[in-house]
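# Structural features, examined
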Amino acid sequence: MKPTIIVTLLALVVICFNLLVEPLPKCAGCDRNNEWRKFQRKLAYEVATGKNEYDVVFLGDSITEAFRGTAGGDAKCSSARCEGIPSVFNKAFNTSKKIVLAISGDQTAHLQWRLNHGEKQILKKAKSVVLHIGTNDLSQLISPHVGGWWSPLSSATLTKSQVDDAAQTVITRLLDVIYQLRCSMKSNGKLVIVGLLPRGQSFKPPTYNWPNNLYTEAIGKINEAIKENFECERSTHVSLCTEPFLGDGKIREDLMADALHPTAEGSKLLIGCIKEGLKSLGVA
């Protein structure tokens, strides 16, 4: 057995009993009528009243939530964010029993809290799980004073060591949530981990230059670390879907209009990449 596999298995045993990152609701201290809490309860209700078995369970943040056609649970998701994406998703998985459990803006700790408050039970019903989360952890670590979104003030004072530290923290958080999923899934369940997609240095207004000094190196380090930790696991596939979104030294605007969320055309590429990962595990 390879040393990497031994280390991974030992880490799995330890972390099943010891969380490295404390699960937290996105709105710590907020009341039950907060929009995030209301949508979280809706997702938990869908789990409790859903099917006895699922082919695929999708877990994540806004990029995954767009598969539902919503943003933060809002059924009136703006056209720029969601238009055409649910139909692309449903066409790709038209024969699958599937469910999407994702909330815009969520970080790994928020997902862990959701799992512990009504969503975890679905993992025992799932043949496979697709996980795509972490970009909000990275943006929040890089520029917390502006809620995770870039501003001229935040990049002007940012150092390479700060970006490196942020990348390492996200790796730790991702490993934590991945091991927790593995602890809760069926023994023969399959897991596809989707690497972080490229994102612009600015969100409002969007900037498309790639590489950029905020995210390029950090995203590369995060994706490589996840791949190294799990590429030898037979029941896990790491899908790195970055390259199709890039061209001519920038993020393709037709695939990511806001330099963060895939458009319907971008979602076709992302979903195709996910399906290839599932196929490699014998699921799709």
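Residues numbered from 1 in each chain as written. Predicted model: local features only at pLDDT ≥ 70, side-chain atom pairs only at ≥ 80, totals over all residues. Heavy atoms only, no water.

### Some thoughts on the sheet that holds strand S4 (residues 190-194)
If you walk across this open sheet you meet the five strands as S2-S1-S3-S4-S5, and the pairing is parallel. Single-partner strands in this sheet number two, and they are strand S2 (98-102) and strand S5 (236-239). Averaged over all neighbouring strand pairs, the angle between strand axes comes to 15°, with direction disregarded. (Pairing = 2+ DSSP bridges. Helix = DSSP H or I, 4+ residues; strand = E, 2+ residues; numbered from the N terminus. Axes fitted to C-alpha atoms, helices over the stretch in contact; angles between N-to-C directions.)

### Comments concerning the pairing of strand S3 (residues 126-132)
Of all seven residues that make up S3, six are buried, and the element is covered over most of its length. Across six bridges, strand S1 (residues 54-60) lies against S3 in parallel orientation. By the bridge assignment for S3, Phe58 is matched with Val130. Looking at chain direction, S3 and S4 are connected through four bridges and run parallel. Within S4, the position partnered with Leu131 by the bridge is Ile193. (Buried < 20%, exposed > 50% of the residue type's maximum accessible area, 1.4 Å probe, protein only.)

### Quick notes on the side chain of Thr216
Here Thr216 is to be found in helix H10 (residues 216-230). For Thr216, the side chain forms a polar contact with the main-chain nitrogen of Asn212, separated by 2.7 Å. Leaving out residues up to four positions away in the same chain, Thr216 has contacts with Trp210 and Pro211. (Polar contact = N/O pair within 3.5 Å; in protein donor to acceptor, adjacent residues only side chain to side chain. Contact = heavy atoms within 4.5 Å.)

### Observations concerning the packing of aromatic side chains
Using the criterion set out here, one finds seven aromatic pairs in the structure. Relative to Phe89, the ring of Phe58 has its centre 5.1 Å away and its plane inclined at 80°; by these criteria the two rings are edge-to-face. Linking Phe58 in strand S1 with Phe89 in helix H5 (residues 85-92), this pair joins segments that are 31 residues apart in sequence. Since its relative accessible area comes to 3%, Phe89 is described here as buried. Ring centres of Phe67 and Phe89 lie 4.8 Å apart, and the angle between their planes is 10°; on these two criteria the pair is classed as stacked. Placement of Phe67 in the loop between helix H3 (62-65) and helix H4 (79-82) and of Phe89 in helix H5 is noted, with a sequence separation of 22 residues between them. (Phe/Tyr/Trp six-rings, centres within 6.5 Å; stacked < 30°, edge-to-face > 60°.)

### Digging into the state of the cysteines
Each disulfide consists of a covalent bond between the sulfur atoms of two cysteine residues. Tallied over the entire structure, the rule returns one disulfide. Here Cys241 is linked by a disulfide to Cys273, with a sulfur-sulfur distance of 2.1 Å. Around the S-S axis, the bridge from Cys241 to Cys273 shows a dihedral of about -85° and counts as left-handed. You can see Cys241 sitting in the loop between S5 and strand S6 (246-247) and its partner Cys273 sitting in helix H11 (residues 264-280), a full 32 residues away along the chain. (Disulfide = S-S within 2.5 Å.)

### Some points on helix H7 (residues 135-142)
Burial within H7 is extensive, with six of its eight residues counted as buried. Listed as buried for H7 are Thr135, Asn136, Asp137, Leu138, Ser139 and Ile142. In this structure, the buried side of H7 is in contact with helix H6 (108-119), helix H9 (160-184) and H10.

### Focus on unusual backbone geometry
For the peptide bond that leads from Trp210 to Pro211, omega is 5°, which places it in the cis range. Backbone geometry at Asp248 places phi at a positive 55°, although glycine is not the residue there. Judged by relative accessible area, Asp248 falls into the exposed class, the value being 82%.

### Some points on the packing of H7 against H9
As a packed pair, H7 and H9 sit with axes 9 Å apart at the nearest point and diverge in direction by 145°. Classified by chirality, the crossing of H9 by H7 is right-handed. Residue-level contacts link Asp137, Leu138, Leu141 and Ile142 of H7 to Ala166, Ala167, Thr169, Val170 and Arg173 of H9. Grouping the constituent residues of the contact of H7 with H9 by class yields six nonpolar, one polar and two charged. (Left-handed = near helix turned anticlockwise from the far one by under 90°. Nonpolar A, V, L, I, M, F, W, Y, C, P; charged D, E, K, R; others polar.)

### So, the confidence of the model for the protein
Scored by pLDDT, the protein comes out at a mean of 85, with 83% of its residues at no less than 70. Across the protein, the element-wise mean pLDDT spans from 45 in helix H1 (residues 3-15) up to 98 in S4. A low-confidence stretch, residues 1-15 (pLDDT under 50), is modelled with 17 contacts involving residues beyond four sequence positions or located in other chains. Predicted confidence is poor over residues 145-153, with pLDDT under 50, and the contacts of this stretch with residues over four places away or in other chains come to 18 contacts. (pLDDT = per-residue confidence, 0-100.)

### A closer look at the pattern of salt bridges
Scanning all chains against the criterion turns up twelve salt bridges. Ionic pairing is found between Asp106 and Arg114, a salt bridge with its closest N-O pair at 2.7 Å. The two residues Asp106 and Arg114 agree in class, both being buried. Across the pair Glu119 and Arg114 runs a salt bridge, and its minimum N-O distance is 3.0 Å. Arg114 sits in the buried class, given a relative accessible area of 0%. By sharing partners, the salt bridges in this structure join Lys42, Glu46 and Arg68 into a single network. (Salt bridge = Lys/Arg side-chain N within 4 Å of Asp/Glu carboxyl O.)

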